[in-house]
Amino acid sequence: MTTFLLLVLVIAISLFGLWFAYYLSRWVLNKSTGSPEMQKISNAIKEGAEAFLHRQNQTIMILSVVVALIIFIAYGFIRSHQDFDPVGSSMALAFWIGFSFILGALCSMFAGYVGMWVSIRSNIRTAHAALSSLNDALQISLRGGAVSGLLVVAMSLLGVAGLYALVSLTTSVEPTRIPLLIVGYGFGASFVALFAQLGGGIYTKAADVGADLVGKVEAGIPEDDPRNPAVVADLVGDNVGDCAGRGADLFESTAAENIGAMILGATLAGISQKSGVTFSMGVVGVMMFPLVARAFGIIASIVGIMMVKLDKEEKMDPMTALNRGYYVAVGLAMLAFLVATRWLLYTEAAPSAWWHFFLCGVVGVVTSVLFVYITQYYTEYKYRPVQTIAEQSKTGPATNIIAGTSVGFECTAAPTIVMIAALLGSYYLGKSSGLEHAGLFGTAVATMGMLATAAYILAMDTFGPITDNAGGIVEMSRQPAEIRQKTDRLDAVGNTTKALTKGYAIGSAGLAAYLLFQAYMDEVVQYAGKPEGFHFTVDLSKPEVFCGAFFGIMLVFLFSAMAIRAVGKTAQSIIEEVRHQYAKLPRVNDIIQFPQDFKPDYSSCVDIVTKSALKKMVAPGLLPVLGPVAIGLIFRIFITEGEELIAAQAVAGLLMVGTIGGILMALFLNNSGGAWDNAKKYIEAGAHGGKYLTDKQGNKIKNPVHAAAVVGDTVGDPFKDTAGPSLHVLVKLLSTITLVLAPLFL
């Protein structure tokens, strides 16, 4: 009965979240779409984004079906059935893991697509609203982004809860072992997310680099100028990278972490039950806690989203309005967290345990806030790091790049210290709760706390590309300067929210990776037939484990290289195409003089970047999928009597060190790229002479300081929007694939 009630609660709130996402989408779509000129540009963006995502999803689906078949064959025909398996036959195990993988992949694709579908229809409505009201434009862009945020979190919850319900209704599996059958859901979501983030990232940054280097540096025209042949491809890229890619990223985060936390909750509840400890809602209540806590977070995020508005005079900074909504969502989420911990984690054997776990959730929330502020410090031009990069641009691109690289390396320190404090704090809060082996569950609860407002965070993230596109539509349809100033205010806030959500994403990835690592170790113990309480150690002094760890860190560097190289090669093709279209135009002081009737060929750039992104995403995407599998299967040759778990330990070493390296590399790439971007914007705002100078004869000439900053920005583009965000997914994909394939390493 307890299981039924909790599942009904989670599914009901998830369905409410989906309904509210539908309500917001109808509210946005009922707004005006503006003039024919605006609609022409918006339609070009819409067609390019939908065509790319359709082709990308076809490619990903083919790869997903192949992987699902491999999983089914490996479990159904290669691996022998064991008495301690959660189900009675190899074929049943193969079916549930393969089925959950396909379902996770389909849900991830659907969540990413629908989020992008709404965003490419919100941009023109935001642009038209800006003609009359900044507040209307703010609300349309945020609520358009909220469709994606709510859909992702609700779909993730619905998928996990629905799968759990389906397994419990159709099989006789012990409830605490059901999460072992649905781990494929997280892997399927991670698999799609990596390719979506990679493909979208390659697309958006190749177009952006091409548009900036030729448009700004060589042609001397503003951003989003309609005379730039790459500008439509750039605006399409904002949607396929930042909306669809990030939507799939956060979908897999929530799905994988829900399942990982359920596995750790089941372990804690099982050990406690054997010690005679009973919880208020039983073993299932502890295991379902992550789903219930996340469901309450949906409601908190909805309230926060609806609270966002400007003052009547519209003098308020839009970022202030967004922050106010965020703090409302956080406050409500923590109140709901308090209720959930008291309701599901209370036990008379340890009456203070529940508030220890509540404090673990608070640690997670504080960690997310600290990550936001650290990211702001390193990427906003109000602070020293970005101002230093702008200052060093005065002596050329080389010193700009040296300064940006230095900032990137420096910015890894503070987040690392915060994550260390969060992990140790939550671990010892759990350990001191009075329950045996509760430390690891404490870290899982901290991760749940950090992700409590994931729907609101994703709404802010998708807000960025919507406002960016709105600014582009206003610029390309040649609206008055005061309208562009309004959209620029929103675009500046959107750039900040995108940077902040990347900081949030890597912070949650850090805590989640530890959670999933522990879930992997628990799963190995269960599938190896070891007794509860068996201590699975990962000893780096063993050469097999050390080599696995070495391979893990190499994967991170090789993956980053392949992702960045893909952007560089695609951008080269775009640059050559734009130069070709500009080749015969006259120039004065090296500034192109465009004739009144000049019409760029946008479709050629869209076609180039679409084909190239789809082709170049496959190799780096398969690398983190095949790498752990290769180590786990090849290292089985080292299994001997007394070392039955050596291959699984080698994979654990790969996971451990690959995760640490991936998080640090992502921090370096995200923040250095963001700092370079805002150093350029700082100069464009008027610092160090601005974009143009005036020579002694009174002629307008290009400012070399700005040109140096644009070079730095283009170096940082594939860092912050391709390799960096893809590493968020990679560190969790390493965990989810090993969770799914752990039995094959034994």
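All values derive from a computational prediction rather than experimental measurement.

Caption draft 1: Representation of the overall build of the protein chain in the model. Along the protein chain, the regular secondary structure elements total 21 helices and 4 strands. Overall, the C-alpha framework of the protein chain stretches about 90 × 55 × 45 Å when taken along its three principal axes. A buried classification covers 64% of the 746 residues belonging to the protein chain. Within the protein chain, counting contacts between residues at least 6 apart in sequence, those at least 24 apart form 84% of the total. When the accessible area of the protein chain is evaluated, it comes to approximately 25,300 Å², of which 63% is carbon and sulfur surface.

Caption draft 2: Quick look at the confidence of the model for the protein chain. Looking at the protein chain, pLDDT values average 88 and 99% of them are 70 or higher. Per-element confidence in the protein chain ranges from a low mean pLDDT of 75 for strand S2 (residues 591-592) to a high of 96 for helix H12 (residues 397-410).

Caption draft 3: Main features of the environment of Glu643. The residue Glu643 is located in the loop between helix H19 (618-634) and helix H20 (646-684) in this model. Residues Glu643 and Met562, spaced 81 residues apart in sequence, show a C-alpha to C-alpha distance of 36 Å. Other than its neighbours up to four places away in sequence, Glu643 contacts Lys542 and Gln649.

Caption draft 4: Structural context of a nonpolar patch on the surface. Where nonpolar side chains cluster on the molecular surface, the patch consists of Phe16, Trp19, Tyr22, Tyr23, Ile299, Val303, Met306, Met307, Leu332, Leu335 and Leu338 and spans about 970 Å² of accessible area. Put simply, the parts of the chain that give the nonpolar patch at least two residues each are helix H1 (2-29), helix H8 (282-306) and helix H9 (318-344). In terms of residues, the nonpolar patch owes the most to one element, H1, which gives 4 residues. Inspection of the secondary structure puts Leu335 in helix H9. When its relative accessible area of 52% is taken as the criterion, Leu335 is described as exposed.

Caption draft 5: A look at the side chain of Gln139. With respect to the helices and strands, the residue Gln139 is situated in helix H4 (residues 134-170). Given a relative accessible area of 13%, Gln139 falls into the buried group. For Gln139, the side chain forms a polar contact with the main-chain oxygen of Val308, separated by 3.1 Å. The residues contacting Gln139, other than those within four sequence positions of it, are Trp27, Val308 and Lys309.

Caption draft 6: Structural context of the packing of helix H16 (residues 481-527) against helix H21 (residues 704-741). Running from N to C, H16 and H21 point in directions that differ by 15°, and their axes come no closer than 8 Å. The angle between H16 and H21 falls in the class roughly parallel. When the axes of H16 and H21 are compared, the crossing they make is left-handed. Residue-level contacts link Lys502, Ala505, Ile506, Ala509, Ala513, Leu516, Phe517, Ala519, Tyr520 and Glu523 of H16 to Lys720, Asp721, Pro725, His728, Val731, Lys732, Ser735, Thr738, Leu739 and Val740 of H21. Among the residues making up the contact of H16 with H21, the classes are represented as 12 nonpolar, 3 polar and 5 charged.

Caption draft 7: Fine view of the pattern of salt bridges. Applying the stated criterion across every chain, the model contains 18 salt bridges. A salt bridge links Asp721 to Lys205; the shortest N-O distance between them is 3.0 Å. You can see Asp721 sitting in helix H21 and its partner Lys205 sitting in helix H6 (residues 183-218), a full 516 residues away along the chain. Judged on exposure class, the residue Asp721 and its partner Lys205 are both buried.

Caption draft 8: Spatial organisation of the nonpolar core. Counting 261 residues, the largest nonpolar core has Phe441, Tyr520 and Tyr582 as its most contacted members. Among the elements that line this core, the one with the most residues is helix H7 (residues 231-274), at 21 residues. Once residues within four sequence positions are removed from consideration, Phe441 is found in contact with Ala261, Leu264, Gly265, Leu268, Val286, Phe289, Leu345 and Phe357.

Caption draft 9: Quick look at the packing of aromatic side chains. This model, assessed by the stated rule, comprises 32 aromatic pairs. Look at Trp676 and Phe719: their rings are 5.9 Å apart centre to centre, the planes differ by 65°, and that puts the pair in the edge-to-face class. Taken together, the positions of Trp676 in helix H20 and Phe719 in helix H21 put the pair 43 residues apart, joining distant regions of the chain. Take Trp676: its relative accessible area is 1%, and that puts it in the buried class. Put simply, the rings of Phe16, Trp19, Phe20 and Tyr23 touch in pairs and so form one group of aromatic residues. Positioned above the aromatic ring of Trp354, the side-chain terminus of Arg342 is 5.9 Å from the ring centre. Here the guanidinium or amino end of Lys700 rests over the ring plane of Tyr692, the centre of that ring lying 4.3 Å away.

About the thresholds
- Residues numbered from 1 in each chain as written.
- Predicted model: local features only at pLDDT ≥ 70, side-chain atom pairs only at ≥ 80, totals over all residues.
- Heavy atoms only, no water.
- Helix = DSSP H or I, 4+ residues; strand = E, 2+ residues; numbered from the N terminus.
- Buried < 20%, exposed > 50% of the residue type's maximum accessible area, 1.4 Å probe, protein only.
- Contact = heavy atoms within 4.5 Å.
- Areas by Shrake-Rupley, 256 points an atom, 1.4 Å probe, with all protein chains shown as cover.
- pLDDT = per-residue confidence, 0-100.
- Patch = residues over 30% accessible without salt bridge, like charges linked within 9 Å, V, L, I, M, F, W, Y side chains within 5 Å.
- Salt bridge = Lys/Arg side-chain N within 4 Å of Asp/Glu carboxyl O.
- Polar contact = N/O pair within 3.5 Å; in protein donor to acceptor, adjacent residues only side chain to side chain.
- Axes fitted to C-alpha atoms, helices over the stretch in contact; angles between N-to-C directions.
- Parallel < 35°, antiparallel > 145°, perpendicular 65-115°, else oblique.
- Left-handed = near helix turned anticlockwise from the far one by under 90°.
- Nonpolar A, V, L, I, M, F, W, Y, C, P; charged D, E, K, R; others polar.
- Core = buried A, V, L, I, M, F, W, Y, C linked by side-chain atoms within 4.5 Å.
- Phe/Tyr/Trp six-rings, centres within 6.5 Å; stacked < 30°, edge-to-face > 60°.
- Lys NZ or Arg CZ within 6 Å of the ring centre and 35° of its normal.

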